[in-house]
Amino acid sequence: MSNLKQGIQKVKKIDYLPLIFAYAVIIIFFSVCSPYFLSFTNFMSIILYASIVGILSLTTCLVLAAGQIDFSAGSVIALGSCVMGIMMRGGSSVWAAMAVCMLISALTGVYNGIMIAYVGMNPFIATLAGMQMFRGIAYLLTDARSITITNNVFKFIGRARTMGVPNAAWIMLLLLLLFGIVAKYTAFGRRIFVIGGSQKVAYLSGINVKRDTLLLFVIHGVVTGVATVIFTAQLGAALPAAAQNTNFTAISACVLGGVSLTGGKGSLMGSVIGALLLETLSNGMNMLGVASFWQDVITGFVLIFAVTLDIIKNRRKGSSY
Amino acid sequence: MLKVEHITKIFPGVKALDDVSLEVRKGEVLALLGENGAGKSTLIKVLSGIHSPEEGEIYYKGEPIKFHGPVDAKEAGISVVHQELAFLPLLSVAENLYIRHYTEKRHRLVNWSEVNAAAKEAMDMIHLHIPPERPVGKCSVAECQQIEIARAVYENAQVLILDEPTSALNDKETEELMKCIEGLREKGVSIILITHKIEEIMRIADRVVVLRDGHTVGECQVGAVTKDDLISMMVGRKITDMYPKKTNRPGGTLLSVEGFGTDLLSDLHFTVKKGEILGVYGLMGAGHLELGQALFGCYSKYTGEVRLGGELLRLKSPEICIRKGIVFLPSDRKQEGLVLMHSVKSNIMNLYYQTGKNSRIVNHKREESISRKWMEQLRIKTPSGETIAESLSGGNQQKVVLAKCLETDPKIIILNDPTRGIDVGAKAEIYHFLNALTEKGVSVIMITSEMPELLAMSDRVLVIHEGKQSALLEKEEMTQTNIVAAAISNDF
Ligand SMILES: Nc1ncnc2c1ncn2[C@@H]1O[C@H](COP(=O)(O)OP(=O)(O)OP(=O)(O)O)[C@@H](O)[C@H]1O
Ligand SMILES: [Mg+2]
């Protein structure tokens with residue numbers, strides 16, 4: 001009996017509880033509306049497409065938890081993707097192309113990190129500028145044209161499955177596990193949350209706020225690189241105009257997962273579930289033939305709805321302010 | 001004037017107030033006394049419309065009344081100085097004083113000379129002199145506290161509620177406030193004063209109500225009781241030695257400071273011996289507060305030399321200092337000491353991984369046992385280690401900050417108002433604790449605005465005046481007169 005109570009207490013404490021509730025409602029709704037929705041195959045296709053945003057949302061969540069924000073990731077994906085396309089068109093190996101993509105992504109992280117932590121620029125401005133510059137470079141490099149890529153390694157990463165589950169999804173799960181451990185079991189992970197909670201307190205607690213912030217952005221860059229490879233592999237092409245929304249979808253996913261935009265709080269698991277929810281929503285709406293403009297409206301509404309639930313849940317806990 | 005009956009307020013896990021009744025009459029100073037977490041601030045928040053109670057009635061001027069928010073209470077003529085100060089750090093002192101007028105209709109346009117003049121007038125009422133244009137973020141805790149008092153006094157309230165208004169003030173500033181309170185009482189204002197300083201109650205209050213664990217445990221006229229009566233009523237036992245005698249003799253020099261200076265300090269020469277408590281005193285703005293921060297590496301530009309056990313230190317950042325075994329307890333627990341949204345446990349562990357001595361892999365069992373240890377040792381009153389720091393009472397928050405400093409096992413601990421807002425019982429415990437630390441050879445630099453604490457606990461006292469060292473007093477010379485004399489003039 002007391003075990004059951006404790007169990008309930010524990011479940012109640014999960015930050016992304018409203019999200020799971022919202023997700024359940026969505027799944028039930030689409031299952032009722034479409035006979036094709038509720039199947040293993042469909043769910044695997046959802047998870048395949050969700051993996052890019054899912055991966056990106058992991059470090060986006062940490063960046064937000066650190067009290068920062070990044071708007072440049074979408075452009076970084078486009079840039080990395082175009083560079084890979086150009087290299088492979090010119091005959092380089094897929095491995096070299098992927099390595100360079102990772103390097104470039106890491107460098108964009110260095111740029112964001114230095115601007116924000118060392119120069120002291122507002123993250124909103126620094127990454128907004130980054131967003132425009134990186135996208136611009138992608139256009140310059142490709143002359144605004146797309147490049148088709150056919151490659152077996154990419155096919156393996158983008159489309160193939162292991163034990164029935166898409167490889168991209170495996171990568172996402174692996175990274176979720178990795179960052180779950182970083183966030184919960186390493187001093188670095190814990191410091192990120194303290195910095196997000198209050199930079200002043202963090203500084204007076206002997207935390208090197210600048211170095212940790214830079215490191216976090218570099219890690220975020222590398223993870224964006226991983227997302228870029230999967231994105232390019234799935235698309236089979238490099239487009240300078242690609243991934244316009246990916247960044248914002250990732251932020252939405254994190255917000256759905258209960259991250260605090262002022263920092264100090266965030267759940268990786270919640271963010272990934274958030275990414276899955278958003279993909280499920282678009283998958284279901286496609287199945288029902290909802291027009292794309294309506295899809296945008298509905299996605300926006302779901303975001304507001306889930307966040308409102310969260311606010312209500314928090315309000316009940318505390319005082320009136 | 002203002003009366004509450006059978007108030008009960010429940011938070012998750014705690015019954016903060018349990019059937020409390022209380023009344024304050026016109027032109028009376030009522031003191032509220034009670035241990036940390038007794039429910040004093042909660043009662044105030046109920047009175048001022050921030051919390052709505054589960055049960056009970058509030059009567060104002062004889063009529064039952066319901067406040068739906070702090071604005072309601074303010075409009076009815078109840079002004080509050082809260083324990084945890086809330087300011088807009090980037091706005092000027094004047095604007096912070098004036099801000100409530102921004103909600104009035106006739107003030108669609110801002111008249112800056114009027115704003116500054118009003119601010120000056122408000123500050124004059126308690127003899128406070130801060131340039132009205134200065135951003136609040138640049139003011140010390142004591143200054144903020146006074147600004148808040150000025151604001152409340154200026155609002156012309158009929159009921160003025162002060163929640164630990166003097167916790168960061170020195171004797172002189174406290175005296176100004178006391179005079180101001182007396183003036184208001186004569187004008188017929190009702191005042192509720194919460195404080196842990198019993199002397200203030202004896203000095204000014206007409207009546208005392210004592211709270212313990214959310215209950216009223218006593219009520220009496222101030223003239224009819226002694227200090228000791230009040231203390232034992234409040235903690236439920238007698239406190240024999242408030243300031244325990246230090247028994248150890250300080251050893252050799254541990255920290256030596258030579259020609260030390262920052263932009264606000266200059267030419268300081270002193271040493272701290274192993275196992276010594278060095279008291280530091282100064283009047284507002286003297287630079288004594290900066291000294292604590294500077295020795296903790298917060299000013300990367302400094303002159304002079306600081307040696308720890310003979311080794312020259314680079315005081316470039318707190319990170320470096322913590323690794324060398326120096327920790328600092330900031331005076332502003334809300335802004336500098338705690339991540340309010342994080343749990344008590346996580347706050348206690350904040351410094352742990354920066355000492356360079358401990359593993360960087362987080363072991364949640366170990367965190368659990370460390371935080372439990374401190375919660376027991378310092379008697380931190382909280383439902384559990386998972387409770388968020390924000391929901392703790394002020395004094396208990398202070399204990400959490402102390403715990404996180406002590407957990408690093410430091411060689412030198414710099415304390416900035418260590419017992420700010422801590423009740424008498426817990427204070428005595430902390431003093432015992434500090435003494436036990438010095439027995440183990442830990443040195444303490446204690447910057448404090450509290451004279452009794454300074455006199456009783458320090459082995460020597462360093463007095464700072466206008467950024468310069470005006471005296472370094474040995475035990476025999478340490479008297480209140482000497483210290484104050486040194487604090488107001490350099491040629492002591
Ligand atoms: N917002 C809140 N949420 C949950 N618990 C709270 C909240 N505010 C106060 N409490 C709890 O209510 C109890 C009374 O707190 P309160 O702040 O009234 O104490 P206090 O008498 O003012 O103590 P102190 O002398 O330390 O300021 C404490 O146990 C505290 O943890
Ligand atoms: Mg209080």
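Just above sits the structure.
Residues numbered from 1 in each chain as written. Chains lettered and ligands numbered in written order. Predicted model: local features only at pLDDT ≥ 70, side-chain atom pairs only at ≥ 80, totals over all residues. Heavy atoms only, no water.

**A look at the coordination of the magnesium ion (ligand 2)**
Next up, step 1: Summarising the metal site, the magnesium ion (ligand 2) is bound by the protein donors Ser41 of chain B (OG) and Gln83 of chain B (OE1), whose distances to it range over 1.9 to 2.1 Å. Highlighted residues: Ser41 of chain B in helix α1 (residues 40-47) and Gln83 of chain B in the loop between β6 (78-81) and α3 (93-98), separated in sequence by 42 residues. (Donors = N, O, S within 2.8 Å, 3.2 Å for Na, K, Ca; no water. Helix = DSSP H or I, 4+ residues; strand = E, 2+ residues; numbered from the N terminus.)

**Re the site of ligand 1**
Residue and element names in this part refer to chain B.
Next up, step 1: Within the structure, ligand 1 sits among 19 residues, and Lys40, Ser41, Thr42, Ser393 and Gly395 are positioned closest to it.
Next up, step 2: Take Gln83: an N or O atom from its side chain is 2.9 Å from an oxygen atom of ligand 1.
Next up, step 3: Note that an oxygen atom of ligand 1 is positioned 3.5 Å from one of the backbone N or O atoms of Gly394.
Next up, step 4: Elements represented by at least two residues in the shell around ligand 1 include exactly β2 (14-24), α1 and α14 (394-406).
Next up, step 5: Residue composition of the shell around ligand 1, by class: five nonpolar, 11 polar and three charged. (Near = heavy atom within 4 Å. Polar contact = N/O pair within 3.5 Å; in protein donor to acceptor, adjacent residues only side chain to side chain. Nonpolar A, V, L, I, M, F, W, Y, C, P; charged D, E, K, R; others polar.)

**Concerning the packing of aromatic side chains**
Next up, step 1: Per the stated rule, a full pass over the model turns up 11 aromatic pairs over all chains.
Next up, step 2: Relative to Tyr353 of chain B, the ring of Tyr352 of chain B lies with its centre 5.0 Å away and its plane at 85°, an arrangement referred to as edge-to-face. The exposure classification of Tyr352 of chain B matches that of Tyr353 of chain B, with both residues buried.
Next up, step 3: An aromatic cluster of at least three residues, connected via ring pairs, comprises Phe29, Phe30 and Phe37 of chain A.
Next up, step 4: In this structure, Lys3 of chain B is placed above the aromatic ring of Tyr59 of chain B, and the distance from its NZ or CZ to the ring centre is 5.7 Å. (Phe/Tyr/Trp six-rings, centres within 6.5 Å; stacked < 30°, edge-to-face > 60°. Buried < 20%, exposed > 50% of the residue type's maximum accessible area, 1.4 Å probe, protein only. Lys NZ or Arg CZ within 6 Å of the ring centre and 35° of its normal.)

**Here we look at the pairing of strand β17 (residues 412-416) of chain B**
Residue and element names in this part refer to chain B.
Next up, step 1: β17 sits mainly inside the fold: five of its five residues count as buried.
Next up, step 2: Here β17 shows two buried faces, one formed by Ile412, Ile414 and Asn416 and the other by Ile413 and Leu415.
Next up, step 3: Both strand β16 (residues 326-329) and β17 contribute to a ladder of four bridges, which runs parallel. What sits directly across from Ile326, in β17, is Ile412.
Next up, step 4: In this sheet, strand β18 (residues 443-447) lies alongside β17 in parallel orientation, the contact comprising five bridges. In the sheet register, Ile414 faces β18, and the bridge partner there is Ile445.
Next up, step 5: Taken together, β17, helix α15 (residues 424-439) and β18 constitute a β-α-β crossover, and its handedness is right-handed. (Pairing = 2+ DSSP bridges. Right-handed = clockwise from strand over helix to strand, strands pointing away.)

**Quick look at helix α12 (residues 246-256) of chain A**
Residues and elements named next belong to chain A.
Next up, step 1: For α12, the tally of buried residues reaches nine of 11 residues, placing the bulk of the element in the interior.
Next up, step 2: What α12 keeps buried is the set Thr246, Asn247, Ala250, Ile251, Ser252, Ala253, Cys254, Val255 and Leu256.
Next up, step 3: In the stretch just after α12, Gly258 is the one whose phi turns positive, near 90°.

**A closer look at the interface of chain A and chain B**
Next up, step 1: The partner chain B presents 32 residues to the 28 residues of chain A that form the contact.
Next up, step 2: A buried area of about 2300 Å², summed over both sides, lies between chain A and chain B, and 57% of it is on carbon and sulfur atoms.
Next up, step 3: Where chain A packs against chain B, one counts three salt bridges.
Next up, step 4: Across the salt bridge formed by Arg190 of chain A and Glu367 of chain B, the nearest N and O atoms sit 3.0 Å from each other.
Next up, step 5: Counting the contacts that link chain A with chain B gives nine residue pairs in polar contact (both at pLDDT 80 or more).
Next up, step 6: Put simply, the parts of the chain that give the side of chain A that touches chain B at least two residues each are α8 (167-185), α9 (187-197) and α10 (199-204) of chain A. (Contact = heavy atoms within 4.5 Å. Buried area = accessible area lost by both parts, 1.4 Å probe. Salt bridge = Lys/Arg side-chain N within 4 Å of Asp/Glu carboxyl O.)

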